[in-house]
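# Close look at the chain arrangement
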Amino acid sequence: MPGPLKTEAVVLRSLRYGEADRILHLYTPDRGRVSAIAKGARRTRSRFGGRLEPFFRLRLVLHEGRSELLTVTSAETLAAHPRLREDARALDAAARACDAVGRLFADGEPHPPVYNLLCRELALLDLDPQRATLSNQLAFRLKLLVAAGLAPQLSSCASCGEREHLVGFSGAAGGVVCAACEGGGFPIAEETQRFMVEALARPLAEAPDASPLALRQAERAINDTVEHHANVQLRAAAPSRILSA
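Residues numbered from 1 in each chain as written. Predicted model: local features only at pLDDT ≥ 70, side-chain atom pairs only at ≥ 80, totals over all residues. Heavy atoms only, no water.

Quick look at the pairing of strand 6 (residues 166-170) now. With 4 of 5 residues buried, strand 6 lies mostly within the body of the structure. Where strand 6 and strand 7 (residues 175-178) come together, 4 bridges link them in antiparallel fashion. Among the inter-strand pairings, L166 is bridged to a residue of strand 7, identified as C178. Between the end of strand 6 and the start of strand 7, which pair antiparallel, lie 4 residues, with G174 showing a positive phi angle near 95°. Sheet topology places strand 6 next to strand 8 (residues 186-187); 2 bridges connect them, and they run antiparallel. The residue bridging F169 from the neighbouring strand is F186, located in strand 8. (Buried < 20%, exposed > 50% of the residue type's maximum accessible area, 1.4 Å probe, protein only. Helix = DSSP H or I, 4+ residues; strand = E, 2+ residues; numbered from the N terminus. Pairing = 2+ DSSP bridges.)

Our next topic: the state of the cysteines. Put plainly, a disulfide is one covalent bond tying together the sulfur atoms of two cysteines. The final tally for this structure, using the stated rule, is 0 disulfides. The thiol sulfur of C157 is not disulfide-bonded, and the nearest other cysteine sulfur, from C160, lies at 3.7 Å. Residue classification places C157 among the buried residues on the basis of a relative accessible area of 3%. (Disulfide = S-S within 2.5 Å.)

Quick look at the environment of A41 now. Following the sequence through the fold, A41 ends up in the loop between strand 3 (32-38) and strand 4 (57-64). Taking the relative accessible area as the measure of exposure, A41 reaches 8% and is therefore buried. Sequence spacing of A41 and A179 is 138 residues, and the spatial spacing of their C-alpha atoms is 58 Å.

Moving on to the packing of helix 4 (residues 190-201) against helix 5 (residues 212-230). The interhelical angle for the contact between helix 4 and helix 5, taken along N-to-C directions, is 65°, at an axis separation of 9 Å. The two elements helix 4 and helix 5 cross, and the hand of that crossing is right-handed. Here helix 4 contributes E191, T192, F195 and M196 to the contact with helix 5, which in turn contributes A214, L215, Q217, A218 and A221. The residue inventory of the contact of helix 4 with helix 5, partitioned by class, reads 6 nonpolar, 2 polar and 1 charged. (Axes fitted to C-alpha atoms, helices over the stretch in contact; angles between N-to-C directions. Left-handed = near helix turned anticlockwise from the far one by under 90°. Contact = heavy atoms within 4.5 Å. Nonpolar A, V, L, I, M, F, W, Y, C, P; charged D, E, K, R; others polar.)

Let us look at the packing of helix 1 (residues 88-104) against helix 2 (residues 112-127). Running from N to C, helix 1 and helix 2 cross one another at 175°; their axes reach a closest spacing of 10 Å. When the interaxial angle is binned, helix 1 and helix 2 end up roughly antiparallel. Residues A90, A93, A94, A97, C98 and V101 of helix 1 form the contact with helix 2, whose participating residues are V114, L118, E121, L122 and L125. Grouping the constituent residues of the contact of helix 1 with helix 2 by class yields 10 nonpolar, no polar and 1 charged. (Parallel < 35°, antiparallel > 145°, perpendicular 65-115°, else oblique.)

Our next topic: the sheet that holds strand 7. Neighbouring strands of a sheet are bound in pairs by backbone hydrogen bonds; such pairs are parallel or else antiparallel. Strand order in this open sheet of 3 strands is 7-6-8, and the pairing throughout is antiparallel. The sheet is open, and its two borders are formed by strand 7 and strand 8, each paired with just one other strand.

Considering all chains together, one arrives at 2 aromatic pairs under this definition. With a centroid separation of 6.5 Å and 65° between ring planes, the pair formed by Y27 and F105 is classed as edge-to-face. Of this pair, Y27 sits in strand 2 (residues 21-28) while F105 sits in the loop between helix 1 and helix 2, and the two are 78 residues apart along the sequence. For the pair shown, Y27 and F105 are each scored as buried. (Phe/Tyr/Trp six-rings, centres within 6.5 Å; stacked < 30°, edge-to-face > 60°.)

Another aspect to go through is the environment of A97. If you trace the backbone, A97 turns up in helix 1. Under the relative-accessibility criterion, A97 is labelled buried at 5%. Taking C-alpha positions, A97 is 16 Å from L200, a pair spaced 103 residues apart along the chain. Other than its neighbours up to four places away in sequence, A97 contacts L118, E121 and F140.

Below, the discussion takes up helix 3 (residues 134-147). Spanning 14 residues, helix 3 covers 20 Å between terminal C-alpha atoms, matching the ideal 20 Å at 1.5 Å per step. Where helix 3 is concerned, the buried positions are L134, S135, N136, Q137, L138, A139, F140, R141, L142, K143, L144 and L145. With its phi angle positive at about 75°, G149 sits one or two positions after the end of helix 3. (Expected span 1.5 Å × (residues − 1).)

This part is about the pattern of salt bridges. A side chain of one charge can pair with a side chain of the opposite charge if their charged atoms are brought near each other. For the structure shown, the criterion picks out 9 salt bridges. A salt bridge links R59 to E76, with the shortest nitrogen-to-oxygen separation between them at 3.2 Å. Placement of the pair is R59 in strand 4 and E76 in strand 5 (residues 70-79), with a sequence separation of 17 residues. Judged by relative accessible area, which is 39%, R59 ranks as partly exposed. As a salt-bridge pair, D92 and R96 come within 2.5 Å of each other at their nearest N and O atoms. Of this pair, D92 and R96 both sit in helix 1, separated by 4 residues, roughly a single helical turn. (Salt bridge = Lys/Arg side-chain N within 4 Å of Asp/Glu carboxyl O.)

And the structure:
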């Protein structure tokens with residue numbers, strides 16, 4: 001039934017619409033990704049102030065009518081994350097985290113762990129913008145794969161079950177592959193496999209570090225998995241200037 005919907009949400013994107021409105025792409029714990037319009041949000045005396053910008057964590061009241069587009073009727077700030085906005089790398093990392101969530105998880109699919117993970121990532125970037133490293137972003141994406149049911153097989157060959165000589169990764173197979181099955185994937189270093197295992201095992205705040213080669217291979221493994229099993233292409237986890245630094 002149409003009516004008010006009270007929910008927390010993270011603003012993934014905020015777009016200008018018409019003369020004074022905003023269209024918001026939101027991620028919520030109970031509805032997943034939703035879209036809403038905030039009427040008059042861009043007026044100088046708008047009751048929403050500046051809190052409908054990307055990366056804000058909000059407590060919202062939305063009106064649910066017959067349209068798929070909800071209407072924002074009330075917004076209270078839970079976390080504005082001001083510090084990450086002052087650092088270019090943290091700002092970029094936050095944008096890529098929100099983009100990955102928006103691409104991987106469809107409208108109307110509730111995933112409370114994804115919401116909690118995104119809130120945790122934004123809070124970490126705000127607490128210490130220096131956490132905006134490639135290893136942190138890849139650890140976040142690996143945990144997203146788990147939430148999406150796409151966790152890569154890392155302890156044995158995803159094709160034949162062999163536990164030794166794991167020298168490659170196959171997105172189609174869904175994980176690491178042995179020397180005999182490597183033809184369906186690409187070579188990876190032992191350090192790459194170790195990074196992925198540790199990134200999944202550790203809290204997000206304790207993401208392991210690795211060499212640039214291992215991180216590039218881990219990102220390729222993540223992207224291949226997502227493309228094969230979700231038909232989604234993720235943006236690069238970091239700008240090329242950072243990858244080559």
